[in-house]
Amino acid sequence: MNIRFFTTLFFFGTIFGIAQTKVSGYVFDEYKEPVAFANVIFKGSTQGTITNEDGRFYLESDDTWDAITVSFIGYETIDFPLEKKVTYNLEFTLKESASQLDQVLIVTGNQSKKNNPAIDILRKIWANKRKNGLRQFKQFEYDKYEKVEFDLNTIDSTLIKSKLFRGMEFVFEEVDTSRVTGKTYLPIFINEAVSKVYGDNVIKEEKEVLEGNKNSGFSNNQVIIDFVDDLYNDFDVYENYLKFFDKSFVSPLSKTGINTYNYVLSDSTFIDNKWCYNIIYYPRRKNELTFKGDFWVADTTYAIKEINLQASKSANINWVKEIYIEQEFEVLNDSLFLVKRDYMMSDFAFNKKEKSRGVYGKRTTLYDNYKFDIKKDKDFYDIEVYNYDKDVYDRDDAFWESNRLEALNKDEKGVYKMLDTLKTVKKFKRLYNLGSILASGYIEFNELPLDYGPIFSTFGFNEVEGLRLRAGGRTYFGRNDLWRLEGFLAYGFNDDKFKYGISGKWLLDKKRRLIISGGNRRDVEQIGASLTTSTDVLGRSLASSSVVGTGANDKLTNINLTSLGIEAEPWRNLVLRVGSNYRTLESASPTFSLDYNTPTGVESEVKQFESTVSVSYFPTRKMTGFGVERKEANDGFPRLFAQVSRGDKSIMNSDFDYTKVQFSYVQPWQIGGYGRLVSTVEAGKTFGEVPLGLLSVIPGNQTYFSIYNTFSQLDFYEFVSDTYASVHLEHNFNGRLFSRIPFLRKLNLREIISVRGVWGEVSDENRALNASGLIYKAPDERAYYEYSFGIGNIFKVFRIDFNFRGNYKDATLYPDARKFGITGSFGFYF
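Sequence order sets the numbering: in each chain, residues are counted from 1 along the sequence as written. In keeping with the model being predicted, local features are shown solely for residues with a pLDDT of at least 70 and side-chain atom pairs are shown and tallied solely at 80 or more, while totals for entire chains, interfaces and linings include all residues. With hydrogens and water stripped out, all remaining heavy atoms of the structure feed into the side-chain values.

1. Digging into the overall build of the chain
So, step 1. To qualify as a helix, a DSSP run of H or I must reach at least 4 residues; to qualify as a strand, a run of E must reach at least 2; elements of each kind are numbered from the N terminus. In terms of regular secondary structure, the chain is built from 10 helices and 44 strands.
So, step 2. Summary of the burial criterion: residues with accessible area below 20% of their type's maximum are buried, those above 50% are exposed, and those between are partly exposed, where the area comes from a 1.4 Å probe applied to protein chains only. The 830 residues of the chain split such that 52% are buried.
So, step 3. When the accessible area of the chain is evaluated, it comes to approximately 38400 Å², of which 54% is carbon and sulfur surface. For accessible areas, the Shrake-Rupley method is used with a probe of radius 1.4 Å. Any residue's cover is judged against the shown protein chains and nothing else.

2. Re the nonpolar core
So, step 1. We call a set of buried Ala, Val, Leu, Ile, Met, Phe, Trp, Tyr and Cys residues a nonpolar core when their side-chain atoms join them within 4.5 Å. In terms of nonpolar packing, the biggest core is built from 56 residues, with Ile 125, Phe 244, Phe 245, Phe 291, Phe 295, Ile 304 and Ile 323 touching the most fellow members.
So, step 2. Core analysis: the next-biggest nonpolar cluster, separate from the first, contains 26 residues, Phe 488, Val 606, Tyr 658 and Ala 778 among them.

3. Observations regarding the environment of Val 578
So, step 1. Looking at the secondary structure, you find Val 578 in strand S29 (residues 574–587).
So, step 2. For Val 578, a relative accessible area of 46% translates into the label partly exposed.
So, step 3. In the structure, Val 578 is positioned 13 residues away from Gly 565 in sequence and 5.7 Å away in space, judged by C-alpha atoms.

4. Concerning the pattern of salt bridges
So, step 1. Salt bridges are identified by distance alone: a Lys or Arg side-chain nitrogen within 4 Å of an Asp or Glu carboxyl oxygen. All told, the structure shown has 35 salt bridges when counted by the stated rule.
So, step 2. Between Arg 363 and Asp 342 there is a salt bridge whose closest N-O contact spans 4.0 Å. Here Arg 363, found in strand S20 (residues 358–372), pairs with Asp 342, found in strand S19 (residues 336–349); they are 21 residues apart in sequence, far enough to count as distant.
So, step 3. You can call Arg 363 buried: its relative accessible area is 4%.
So, step 4. Exposure remark for Asp 342: the relative accessible area of 2% places this residue in the buried category.
So, step 5. Salt bridges sharing partners connect three or more residues here, namely Glu 465, Arg 468, Asp 495, Lys 499, Arg 521, Asp 523 and Glu 525.

5. Concerning the pairing of strand S13 (residues 247–250)
So, step 1. Here S13 shows two buried faces, one formed by Lys 247 and Phe 249 and the other by Ser 248 and Val 250.
So, step 2. By definition, two strands form a pair when at least two bridges between them are found by DSSP. Hairpin geometry of strand S12 (residues 241–244) and S13 is characterised by an intervening segment of 2 residues between the two adjacent antiparallel strands and by a positive phi of about 55° at Phe 245.

6. Considerations on the sheet that holds strand S6 (residues 78–81)
Strand pairing in a sheet is mediated by backbone hydrogen bonds. Such pairs are either parallel or antiparallel.
So, step 1. Ordered by their spatial adjacency, 4 strands build an open sheet running S3-S2-S5-S6, and the pairing between neighbours is antiparallel. Since the sheet does not close on itself, it has two edges, and those belong to strand S3 (48–50) and S6, each with one partner. Strand-to-strand twist of the sheet, defined as the mean angle between neighbouring strand axes without regard to direction, takes the value 20°.
So, step 2. When strand S2 (residues 39–42) meets strand S5 (residues 67–71), the two strands line up antiparallel, connected through 4 bridges. Note that in S5 the partner of Asn 39 across the bridge is Ser 71. A fitted line through C-alpha atoms serves as each axis, taken over the contacting stretch for helices, and the angle formed by two N-to-C directions is quoted from 0 to 180°.

7. Here we look at helix H2 (residues 117–127)
In an α-helix, one full turn covers 3.6 residues, which means residues spaced three or four apart are oriented alike.
So, step 1. Where H2 is concerned, the buried positions are Ala 118, Ile 119, Ile 121, Leu 122, Ile 125 and Trp 126. The buried residues of H2 occupy one face: seen down the axis, they fall within an arc of 155°.
So, step 2. Only heavy atoms enter the contact rule, under which two residues are in contact if any of them lie within 4.5 Å. Contacts from the buried residues of H2 go to helix H5 (257–260), strand S14 (261–271), strand S15 (274–283), strand S16 (291–298) and strand S17 (304–311).
So, step 3. Capping the start of H2, Asn 116 holds a side-chain oxygen 2.9 Å from the backbone nitrogen of Ala 118, two or three residues further along. Working definition: the arc comes from the directions between the helix axis and the C-beta atoms, pointing outward to the latter. N or O atoms within 3.5 Å of each other form a polar contact, as long as, within protein, one can give a hydrogen and the other can take it, and as long as residues adjacent in sequence are counted only when both atoms are side-chain atoms.

8. A word on a nonpolar patch on the surface
So, step 1. Two joining distances apply to patches: 9 Å for like charges and 5 Å for nonpolar side chains (Val, Leu, Ile, Met, Phe, Trp, Tyr), and every residue must have over 30% relative accessible area and no salt bridge. On the surface, Phe 477, Leu 482, Trp 483, Leu 485, Trp 506, Leu 508, Ile 516, Ile 566, Val 578 and Val 613 cluster together to form a nonpolar patch covering roughly 900 Å² of accessible area.
So, step 2. Going through the elements one at a time, strand S25 (483–492) and strand S26 (497–509) are the ones with two or more residues in the nonpolar patch.
So, step 3. Assignment of secondary structure puts Leu 482 in the loop between strand S24 (466–475) and S25.
So, step 4. Among the residues examined, Leu 482 registers a relative accessible area of 35% and is labelled partly exposed.

9. Some points on the packing of aromatic side chains
So, step 1. Here is the rule: rings of Phe, Tyr and Trp (six-membered ring for Trp) pair when centre to centre is within 6.5 Å. Planes less than 30 degrees apart are stacked, more than 60 are edge-to-face, and the remainder are tilted. Under the definition given, this model contains 38 aromatic pairs.
So, step 2. Centroid distance Phe 57 to Phe 92: 6.3 Å. Interplanar angle 35°. Geometry classified as tilted. With Phe 57 in strand S4 (residues 56–61) and Phe 92 in strand S7 (residues 86–94), this pair connects stretches of sequence that are 35 residues apart.
So, step 3. Exposure remark for Phe 92: the relative accessible area of 4% places this residue in the buried category.
So, step 4. One aromatic cluster is present, formed by Phe 137, Phe 140, Tyr 142, Tyr 367, Tyr 370 and Phe 372 through successive ring pairs.
So, step 5. Positioned over the ring face of Tyr 442 is Arg 474, at 3.8 Å from the centre of the ring. Definition used: whenever NZ (Lys) or CZ (Arg) falls within 6 Å of the ring centre and also within 35 degrees of the ring normal, the charge is taken to sit over that ring.

10. Details of unusual backbone geometry
So, step 1. Along the chain, Gly 453 connects to Pro 454 via a cis peptide bond; the corresponding omega equals -5°.
So, step 2. The topology assignment puts Pro 454 in the loop between strand S22 (450–452) and strand S23 (459–462).
So, step 3. In this structure, Asn 734 takes a positive phi of about 55° despite not being glycine.
So, step 4. Within the secondary structure, Asn 734 sits in the loop between strand S40 (723–732) and helix H9 (742–745).

11. Some words on the sheet that holds S4
So, step 1. The sheet built from 3 strands is open, its strands ordered S4-S1-S7 with mixed pairing. Of all strands in the sheet, those bounded by a partner on one side alone are S4 and S7. Averaged over all adjacent pairs, the angle separating strand axes in this sheet is 25°, with direction ignored.
So, step 2. Bridge count for strand S1 (residues 21–29) against S7 is 7 bridges, and the pairing is parallel. Residue pairing across strands places Tyr 26 opposite Glu 91, the latter belonging to S7.

12. Focus: the side chain of Asn 766
So, step 1. Along the polypeptide, Asn 766 turns up in helix H10 (residues 764–769).
So, step 2. Exposure remark for Asn 766: the relative accessible area of 0% places this residue in the buried category.
So, step 3. At 2.8 Å, the side chain of Asn 766 and the side chain of Asp 722 are in polar contact.
So, step 4. In this structure Asn 766 touches Gly 688, Glu 689, Val 690, Leu 695, Asp 722 and Tyr 776, once residues within four positions along its chain are discounted.

13. Some remarks on the environment of Asp 509
So, step 1. With respect to the helices, strands and loops of the structure, Asp 509 is situated in strand S26.
So, step 2. Judged by its relative accessible area of 30%, Asp 509 falls in the partly exposed class.
So, step 3. The sequence separation of Asp 509 and Ala 568 amounts to 59 residues, and the corresponding C-alpha distance is 8.8 Å.

14. With respect to the confidence of the model for the chain
So, step 1. For the chain, the average pLDDT comes to 83, and 85% of its residues sit at 70 or higher.
So, step 2. A score between 0 and 100, pLDDT records how confident the predictor is in each residue. This model gives residues 15–19 a pLDDT under 50, and the stretch forms 26 contacts once residues within four places in sequence are excluded.
So, step 3. Scored below 50 in pLDDT, residues 99–106 makes 12 contacts in the model with residues more than four places away or belonging to other chains.

As structure tokens, this is what we get:
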């Protein structure tokens, strides 16, 4: 999860009459027990809702209605007149129907799986399950309109009268009430997009062409748009699992739904001249990733006509108090149904208390003008790396009036004007600048195209430098800069030395993303913190600055690195890079040595020129921005990396000739409702004779932080190799197991298991080269492995791992082996 964006979202959320008819209230039975899932509709219409587990409802309409109808099977129906357009906190008591006492149905507890007409209908839905209607045609195209909005919710007099809003009271003129939750809200951001979507099922290609984009809010609002798009992925309710917030929810139409949900046949009626059944569903168990709600399904075809899904409040998900989804389908004939409208709303909040203030994130998507079997050339679907069109973001009002598939309501129109005014208020500008610092980690200087930071790297500590202070900065004209310079200056109080780094990059060709880069860094570093060599000249690992560790961290290296590279992205997400670097390596500690033997004696400094060729591939990755630096707009995609490095003694008086081949593959796997598995495979081999400073060090971890892709029970330099292969597996069950343990259920803890192993060896020639005093050990007899059991989501932000060393722990051969250890980490995760 993007913690900086998340922090900014809530920061701005704390600094900020549409419908014609609004009504809210509660429905009880004669014993004052709440009636869950009762139907509440405007009389004479199909506009309605159902009550929640507490019997509470909220209903609104853009039209004017003079009555509502409250009904439930087995109870007498109530028609209640509305004397005012806004009527809140009504209470209704349903009486059992005397003529239907033998048919009274109370929706509570677990429902029977046998002789249940709702489940009979569900089985027919499975039997008639069909692919999306678009897949029945060779080609398809349609118009798409998407509206993304963020609102501050739970607006009350305390907030309005607070000192924070003095001078900005005008923003509250746009306050309205949510039709889903019944809470007041204030729009603070809105984005509209109009697209044309084309697809070809024969060649399995799809392309979306953005024709217009209009937004209001913060200047860096594309980050918000990408954040919402990533969270609100397109989904198919007929699938067994629906992914939201990087988690898999069990679909109410899943074939495993019988074991997960209770189903109740509630009603039946004509919708668009088709006889439909209404089925209510709700979870069998608490704390699981499930929904509650209802759906309408057409008879004979058993295609879904309408469905709404609301995440259970007990679902094991953080920072989200409500998730509400609506989908409407247009059933054209017996074999064709198409999505007409898709609406999703999430209530982001720090806790799930009813009165807690939060931020609504809403996305509405409408589809229209479907056309089929219009063939286009294959070249049409070729994905361009660069497709930014400035005119798309500058459409006039006439364009939007003719292309909106749903008109803006009053508060949505008002947010454009309100935010334009708000940006002129000095107090808001100060608050906005503070939020920008939290989001980017940089302090902006408005007078200069220069940012100071990242502020999170200001302090560091290690045993060589002692306390380390760092000051850095970057050029910044805008998020789509074609070139960027970065640099830092650091000072260690223990070694009394200054360190520095400077790098630059320049985007020469937008279309193929041709970039040249270079830089120089003189620093103290824990080399060997990862198996795959990084090409980032300013990079520095956490191991280099760990404040507290499991043992002495004195195996640090003075590094002087100069790098130059050129990269291109000829096809989207395929990055080719050619580079070269020259480095000198020398021990930074008197208790650690990089010495190696030479024909004339022993040398302590390594001087080496190295050229590299690498290929990186990121299938399904989405990026935001078009400048020299971009940001990832999604996660969960594979990462493949391959690199060949060549050391050459004949260049710049270097010390060694060698060739190093490396490969890594990272793959996240969503295992249905059983959580998420992340697997990493790495392999590499060095051909030629090299000293300790150029070997592949198996990455240990002497910090108390859980660092993925390292070995928690290994010390730095405990194993070294010139040939290696490693595997890391980490599976997060997302609380599926703990949710079945009554006394743990309410804690929303999450169980994590990890297994990691590595095999490696060192050649006799490289052993003979060693003069460092370090005895080379490699896991060559059998693979070294370790495993861990973790508990995540402690207080929503903390994770603790219990790590066990699996082998290589004989006290005679490995007297300092750490057989058991505890590590932890902090993070904001859904």
